[in-house]
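# Commentary on secondary and tertiary structure
Here is how the chains run, residue by residue.
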Amino acid sequence: MNRSRRIAAVAALVLALPLPMAGAAMASPSPSATTAAAAAVAPAAFHAELPRPTGRYAVGEEVLHLTDHSRTDPWVPSAGPRQLAVSMFYPARPGTGEPAPYMTLGEAQGFVATRVPAGTGLQPQDVVDIDTHAYTGAKAAGGKFPLVVLSPGFENPRATLTGLATDLAGHGYVVALVGHTHEDSGETLADGSTPGCALCDTGAPDSLPDSRAKDVSFVLDQLTGHHPAWRLAHLIDRDRIGMAGHSIGGASALTAMAEDRRILAGVNMDGAFWPPIPTDKLEGRAFLLLGKQSDHAVGGGETSWGRTWAGWEGYKPWLTVAGTNHSSFTDVPVLAAAAGLPFPPGTTTSPERGMQLTREYVGAFFDQSLKGIHQPLLDGPSAANPEVSFQHP
């Protein structure tokens, strides 16, 4: 069975429809069933707004287009050097800049065509216009800030982690949200083209975590080198770098940490690990496991977390969230609710609550690991967050 099936890494609005449990083979719903379900709940008009960032800073956003001339694209060699689109979010001054689009029109066209159930009436421009509470051209706040790299799940455009990215930026982080070209519904490159997914028909290869680690190290080189590619690179504290990801992006965070010592802390949001896992190279660095209770509790059906957790010494909290599904740690449920699509069976945590918990625990982990600020939220169970369980292997 292809590993991309086992990690349940499908995303976008279709994730709001009933899905199999992670660890089971994933079959796409039949076109007739999908169309009927969507048509039954399609709203008259679509307007979506991500939850507002909760930090004290406004949020600026710029898109970088980077080319790694030392590396041929691993999935489409005929495309030449590896090209990446990276959304940079940063602490900004309030009242500056213009509202940033959620995606480019090309990205939104690919997203709607391949990831949204037929019959919803959702148009690409609707996706472009989703309110992110980030602003292009915003003036940067003063100071230096830790850098967090974000990596989405397989088939997920990078935009689906925007809600987490904006919240981190609002709390005083620079965030590099990486689009892994040819691995999702489309990322717009420097020449204006938006290549789609070259891997989706065949599934993610075993080499995907290693390839993503190479993407991330290249991005770090471009952001923290002597001649950085980003005009606001002076905002980055090069000695405080973390990485988080969803699904295969989360699994790849550990691989990236193992291969790049600049990454001091990592987060895996609901992603199964693919062997071999290089835990012998983590050297005591901090890593958070955050996933849905139904799969990732100790002794549950998904066993890669337990095997991996036991493989290294260091600060490694393992948290599960009851009532969530695979997409609950992304923007997807919020957008699905705006489109009128139903929750998957067994999902009792609302989209807004799922995002709130993700933001709180990922933010607290980086505040403690990168900023050195003790976070009582991570000390144990909280009466305010009864959905969250601390696992103790």
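The rules we used
Residues numbered from 1 in each chain as written. Predicted model: local features only at pLDDT ≥ 70, side-chain atom pairs only at ≥ 80, totals over all residues. Heavy atoms only, no water. Phe/Tyr/Trp six-rings, centres within 6.5 Å; stacked < 30°, edge-to-face > 60°. Helix = DSSP H or I, 4+ residues; strand = E, 2+ residues; numbered from the N terminus. Buried < 20%, exposed > 50% of the residue type's maximum accessible area, 1.4 Å probe, protein only. Lys NZ or Arg CZ within 6 Å of the ring centre and 35° of its normal. Pairing = 2+ DSSP bridges. Contact = heavy atoms within 4.5 Å. Axes fitted to C-alpha atoms, helices over the stretch in contact; angles between N-to-C directions. Core = buried A, V, L, I, M, F, W, Y, C linked by side-chain atoms within 4.5 Å. Parallel < 35°, antiparallel > 145°, perpendicular 65-115°, else oblique. Left-handed = near helix turned anticlockwise from the far one by under 90°. Nonpolar A, V, L, I, M, F, W, Y, C, P; charged D, E, K, R; others polar. Salt bridge = Lys/Arg side-chain N within 4 Å of Asp/Glu carboxyl O.

### Side note on the packing of aromatic side chains
Using the criterion set out here, one finds nine aromatic pairs in the structure. When the centroid spacing of 6.3 Å and the interplanar angle of 50° are considered together, the rings of F273 and F287 count as tilted. Residue F273 is located in the loop between β8 (263-269) and β9 (286-292), and its partner F287 is located in strand β9; the two are separated by 14 residues in the primary sequence. Considered together, F273 and F287 belong to a single accessibility category, that of buried residues. With centroids separated by 6.1 Å and ring planes inclined at 90°, the aromatic side chains of F287 and W312 adopt a geometry described as edge-to-face. Placement of F287 in strand β9 and of W312 in the loop between α9 (304-309) and β10 (318-321) is noted, with a sequence separation of 25 residues between them. Note on F287: relative accessible area 1%, which makes it buried. Assessed through its relative accessible area of 5%, W312 is described here as buried. Among the aromatic side chains, those forming a connected cluster through ring pairs are Y173, Y315, F365 and F366. K316 extends its terminal NZ or CZ atom over the ring of W309, reaching a point 4.0 Å from the ring centre.

### Let's talk about the sheet that holds strand β4 (residues 135-136)
In space, the 11 strands of this open sheet follow the order β3-β4-β1-β2-β6-β5-β7-β8-β9-β10-β11, with mixed pairing throughout. The strands lining the two open edges of the sheet, one partner per strand, are β3 (98-99) and β11 (388-390). Strand direction decides the pairing type here: β3 and β4, joined by two bridges, are antiparallel. Within β4, the position partnered with P99 by the bridge is Y135. Together, β1 (58-72), β2 (81-92), β5 (145-151), β6 (174-179) and β8 form the strand contacts of helix α5 (residues 162-170), whose direction differs from that of β2 by roughly 45°.

### Quick look at the nonpolar core
Within the largest apolar cluster, 51 residues are counted, with the highest numbers of intra-cluster contacts made by V86, Y90, V174, L223 and W230. Of all the secondary structure elements, the ones that give two or more residues to this core are β1, β2, β5, β6, α6 (208-224), β7 (236-246), α7 (248-259) and β9. Among residues more than four places away in sequence, those in contact with L223 are L64, M88, L147, A176, P228, W230, A233 and I236. Core analysis: the second largest hydrophobic core is formed by 34 residues, A134, A165, A169 and A244 among them.

### Let's talk about the packing of α6 against α7
One can describe the packing of α6 onto α7 by two numbers: an axis separation of 8 Å at closest approach and a directional angle of 65°. Taken together, the axes of α6 and α7 lie roughly perpendicular to each other. The element α6 and its partner α7 pack so that their crossing is right-handed. Note on element contacts: α7 touches α6 through I248, G249, S252, T255 and A256, opposite L208, P209, D210, R212 and A213. In terms of residue class, the contact of α6 with α7 is built from five nonpolar, three polar and two charged.

### Focus: the pattern of salt bridges
Evaluated as defined, the whole model comprises 20 salt bridges. With its nearest N and O atoms 2.4 Å apart, the salt bridge here joins E62 to R231. Taken as a pair, E62 in strand β1 and R231 in the loop between α6 and β7 lie far apart in primary sequence, 169 residues in all. Ionic pairing is found between D260 and R262, a salt bridge with its closest N-O pair at 2.7 Å. Here R262 falls in the partly exposed class, since its relative accessible area comes to 27%. Each of R71, D73, R82, E183, R212 and D215 takes part in one network of salt bridges that share partners.

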